[in-house]
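Here's the letter readout for the chains.
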Amino acid sequence: MRSRIIRAASRSTKKAPDSSFIGVVWQDEVFAPEAPSRMRASKVTFTPGARTNWHTHPLGQTLIVTSGIGWAQRDGGPVQEIRPGDVVWFAPNEKHWHGATPTTAMTHIAIQEALNGKPVDWMEKVSDEQYQKKS
């Protein structure tokens, strides 16, 4: 495989599926894996109040917050605020969710690897009660 440049204009923005997200979420593929790599990345923009469902990643996930203010939560842990420049790591198979705050949009780059072709396992929706920042 030779090195190459993937032009931004060759990629399009897509609305994230309602089956995996609550609210309006936009996704832009940054790069997809090419064998032997399993690494993929997407730029994900959450409008205020939007968030993922609970989910896990078989090989973990890294988030790099690029704009706005968001929240992230590991199962059993507190809701934590995330801001531009923050890097969030979720361990393999760690149940979690992330998204914007109720009043501010948030964009991050999400990086994860696929195991046997599968980068994520989607679960139940995050309830409005769970989606509250607790101190």
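Scroll up for the structure.
So, here is what we can say about the structure in this document. Just so we're clear, the structure is a prediction, and the values are computed from it rather than from any experiment.

**Structural notes on the pattern of salt bridges**
Counted by the stated rule, this structure contains eight salt bridges. Between Lys 15 and Asp 18 there is a salt bridge, with the nearest N and O atoms lying 2.8 Å from each other. Between Arg 51 and Asp 128 there is a salt bridge whose closest N-O contact spans 2.9 Å. Of this pair, Arg 51 sits in strand S5 (residues 51-52) while Asp 128 is found in the segment after strand S13 (121-122), placing the two residues 77 residues apart along the sequence. A residue is classified by how much of its surface remains accessible, and Asp 128, at 59% relative accessible area, is exposed.

**Brief notes about the pairing of strand S12 (residues 106-113)**
The buried count for S12 comes to six of eight residues, which makes it a mostly enclosed element. The sheet contact formed by strand S4 (residues 39-46) and S12 spans eight bridges and is antiparallel. Directly across from Ala 41, in S12, lies its bridge partner Ile 111. Pairing analysis gives seven bridges linking strand S7 (residues 61-68) to S12, with the strands arranged antiparallel. Paired with Gln 61 across the strands is Gln 112, a residue of S12.

**Concerning the packing of aromatic side chains**
This structure, assessed with the given rule, holds four aromatic pairs. Ring centres of Phe 21 and Trp 122 lie 5.2 Å apart, and the angle between their planes is 55 degrees; on these two criteria the pair is classed as tilted. Taken as a pair, Phe 21 in strand S2 (residues 21-22) and Trp 122 in strand S13 lie far apart in primary sequence, 101 residues in all. Under the relative-accessibility criterion, Phe 21 is labelled buried at 6%. With a relative accessible area of 35%, Trp 122 lands in the partly exposed category.

**Notes on the sheet that holds S12**
Spatially, S1-S3-S4-S12-S7-S10 is the arrangement adopted by the six strands of the open sheet, whose pairing is antiparallel. Two strands close off the open sheet at either side, each with one partner strand: strand S1 (13-15) and strand S10 (87-90). Sheet twist, expressed as the mean angle between neighbouring strand axes with direction ignored, is 25 degrees.

About the criteria used
- Residues numbered from 1 in each chain as written.
- Predicted model: local features only at pLDDT ≥ 70, side-chain atom pairs only at ≥ 80, totals over all residues.
- Heavy atoms only, no water.
- Salt bridge = Lys/Arg side-chain N within 4 Å of Asp/Glu carboxyl O.
- Helix = DSSP H or I, 4+ residues; strand = E, 2+ residues; numbered from the N terminus.
- Buried < 20%, exposed > 50% of the residue type's maximum accessible area, 1.4 Å probe, protein only.
- Pairing = 2+ DSSP bridges.
- Phe/Tyr/Trp six-rings, centres within 6.5 Å; stacked < 30°, edge-to-face > 60°.
- Axes fitted to C-alpha atoms, helices over the stretch in contact; angles between N-to-C directions.

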